[in-house]
Amino acid sequence: MGMEGCNNKVMEEEVLVKKITELAAAIGELPSLVPSPEVNALFSELVVACIPPSTVDVDLLGPEVQDMRARLIRLCSAAEGHLEAHYSDLLATHDNPLDHLSSFPYFNNYIKLSQLEHSLLARHIPGPPPSRVAFLGSGPLPLSSLVLAARHLPAACFDNYDISFDANERARRLVRADADAGARMAFVTADVADVTEELAGYDVVFLAALVGMAVEEKAALVAHLGRHMAPGAALVVRSAHGARGFLYPVVDPEEIRRGGFEVLTVHHPQDEVINSVIIARKEAAPPALAADADAPVNNGNLKAQCAVAVSRPCLGCTCEMEARAHQKMKEMAMEEMEA
């Protein structure tokens, strides 16, 4: 790139940062983040500014801009929570709320994101489809789990974790009238940092973008998952790239590797799907650990790291098909560790 090109790049980034800084200030002055014409207009303008492909690297911005970005991501998180709660309440007024999910304004984005995640999983972790899935940070309107369950993983059970009891109560209302979703969807109120043995029972764990918003929080969370997920299990991490890093945290793939995972792919969408997707796989336990599963536990539950068998009954489903699938995956994983 020549000098003129570099100057143009710098100017474009400066204009973008100025625009986002102004929008962040306006959003920060709002009396409430509950959906309203003013709230909706400002966040729509923010998304439109951040979606186009950009060369900006948010990690290289100065400290003042970094502080602004951290505040803005937390405002986006709060506004997203209010928006989902609002629409969850509206959907709950229908006899079968799941028949009306398309009324959510960004429903098509969830359709595309779920399709992307499923296709990346199938491509990079071939084999039997997952039978037990955990979604961390499911919220009051668990669209990702609902879309994945209905369109891509029709035999899987989903345990949805959220730290908010109210969010889970709202989510439960949405599936009560649907026999299939009600049987396969469970909602657990817990801080992910306190979930340990259960993590060893999942074939795939999805980590929502806004669970662990600061870099150090996300790194600690990934390390926690690395200590407790089963060897060979898949981890799907939502991240952001370019200017989209003003809306969601950017996850460094190296942090995922340091957490004990093999990073299989990193995908940055160029369309209206905002989140980047990282697909990783929990590394196999060291031979010494695999050979001595009954050794004293240190630095977390090492038995849970080595065990592939389900540690407790599925919260949402107890069908015979799933049990056979679990047993098959257990046998396959144990064969890999013994190889």
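Residues numbered from 1 in each chain as written. Predicted model: local features only at pLDDT ≥ 70, side-chain atom pairs only at ≥ 80, totals over all residues. Heavy atoms only, no water.

Draft legend 1. Representation of the side chain of Glu84. Among the structural elements, Glu84 can be located in helix 3 (residues 63-91). Buried charge Glu84 goes without a salt bridge, the closest partner of opposite sign being Arg238 at 7.9 Å. In this structure Glu84 touches Phe104, Tyr110, Ser138, Gly139, Pro140 and Leu141, once residues within four positions along its chain are discounted. (Helix = DSSP H or I, 4+ residues; strand = E, 2+ residues; numbered from the N terminus. Buried < 20%, exposed > 50% of the residue type's maximum accessible area, 1.4 Å probe, protein only. Lys, Arg positive; Asp, Glu negative; His and termini not counted. Salt bridge = Lys/Arg side-chain N within 4 Å of Asp/Glu carboxyl O. Contact = heavy atoms within 4.5 Å.)

Draft legend 2. Layout of the pairing of strand 5 (residues 234-239). Counting buried residues along strand 5, six of its six residues qualify, which places the element largely inside the surrounding structure. Burial along strand 5 is two-sided: Ala234, Val236 and Arg238 and Leu235, Val237 and Ser239, pointing in opposite directions, are all buried. Summarising the sheet, strand 4 (residues 204-207) and strand 5 pair through four bridges and their orientation is parallel. The residue of strand 5 that forms the bridge with Phe206 is Val236. A crossover links strand 4 with its parallel partner strand 5, the connecting element being helix 8 (residues 215-228), and its sense is right-handed. Across six bridges, the pairing between strand 5 and strand 7 (residues 276-282) is antiparallel. (Pairing = 2+ DSSP bridges. Right-handed = clockwise from strand over helix to strand, strands pointing away.)

Draft legend 3. Representation of the nonpolar core. In this structure, Leu225 and Ile256 are the most contacted members of the largest nonpolar core, which totals 63 residues. Ranked by residue count, the leading element in this core is helix 4 (residues 107-124), at seven residues. Other than its neighbours up to four places away in sequence, Ile256 contacts Val222, Val237, Val251, Phe261, Val263, Ile278 and Ala280. By size, the runner-up hydrophobic cluster in this structure holds 29 residues, among which are Leu16, Val58, Leu72 and Ala79. (Core = buried A, V, L, I, M, F, W, Y, C linked by side-chain atoms within 4.5 Å.)

Draft legend 4. Spatial organisation of the sheet that holds strand 2 (residues 157-162). Strand order across the open sheet formed by seven strands is 3-2-1-4-5-7-6, with mixed pairing between neighbours. The open sheet has two edge strands, strand 3 (185-189) and strand 6 (261-267), and neither has a second partner. Each strand of the sheet is rotated relative to its neighbour by a mean of 20 degrees, with strand direction disregarded. Here helix 5 (residues 143-152) sits on the sheet and contacts strand 1 (132-136), strand 2, strand 3, strand 4 and strand 5; the angle it forms with strand 2, its principal contact strand, is near 175 degrees. (Axes fitted to C-alpha atoms, helices over the stretch in contact; angles between N-to-C directions.)

Draft legend 5. The pattern of salt bridges, seen in detail. Throughout the structure, instances matching the rule amount to 13 salt bridges. Glu217 is paired through a salt bridge with Arg74; the nearest N and O atoms lie 3.9 Å apart. Linking Glu217 in helix 8 with Arg74 in helix 3, this pair joins segments that are 143 residues apart in sequence. For Glu217, a relative accessible area of 36% gives the class partly exposed. Among the residues examined, Arg74 registers a relative accessible area of 41% and is labelled partly exposed. The shortest N-O distance in the salt bridge between Glu272 and Lys112 comes to 2.2 Å. In this pair, Glu272 is assigned in the loop between strand 6 and strand 7 and Lys112 in helix 4, connecting sequence segments 160 residues apart. For Glu272, a relative accessible area of 31% puts it in the partly exposed group.

Draft legend 6. Broad picture of the packing of aromatic side chains. Per the counting criterion, the structure on display carries five aromatic pairs. Between the aromatic rings of Phe104 and Tyr110, the centroid separation amounts to 6.1 Å while the plane-to-plane angle is 65 degrees, which identifies the pairing as edge-to-face. Each ring, one from Tyr161 and one from Tyr202, has its centre 6.3 Å from the other, and the planes form 90 degrees; the classification is edge-to-face. Of this pair, Tyr161 sits in strand 2 while Tyr202 sits in the loop between strand 3 and strand 4; the two residues are 41 residues apart in sequence, bridging distant segments of the chain. Members of the aromatic cluster, joined through ring pairs, are Tyr87, Phe104, Tyr106 and Tyr110. (Phe/Tyr/Trp six-rings, centres within 6.5 Å; stacked < 30°, edge-to-face > 60°.)

Draft legend 7. Quick look at the packing of helix 3 against helix 6 (residues 165-175). Interhelical geometry of helix 3 versus helix 6 gives an angle of 35 degrees and a closest axis separation of 9 Å. Between helix 3 and helix 6 lies a crossing whose hand is left-handed. Across from Ala85, Ser88, Asp89 and Leu91 in helix 3, the residues of helix 6 making contact are Arg170, Arg173 and Leu174. The residue makeup of the contact of helix 3 with helix 6, split by class, is three nonpolar, one polar and three charged. (Left-handed = near helix turned anticlockwise from the far one by under 90°. Nonpolar A, V, L, I, M, F, W, Y, C, P; charged D, E, K, R; others polar.)

Draft legend 8. Layout of the state of the cysteines. In total, this model carries zero disulfides according to the counting rule given. We note that Cys76 lacks a disulfide partner, and the nearest cysteine sulfur, in Cys50, lies 7.7 Å from it. Taking relative accessible area as the criterion, Cys76 reaches 10% and is therefore assigned buried. (Disulfide = S-S within 2.5 Å.)

Draft legend 9. Spotlight on the environment of Arg258. Mapped onto the secondary structure, Arg258 falls in helix 9 (residues 253-258). As for Arg258 and Ala223, which are separated by 35 residues in sequence, their C-alpha atoms are 7.4 Å apart.

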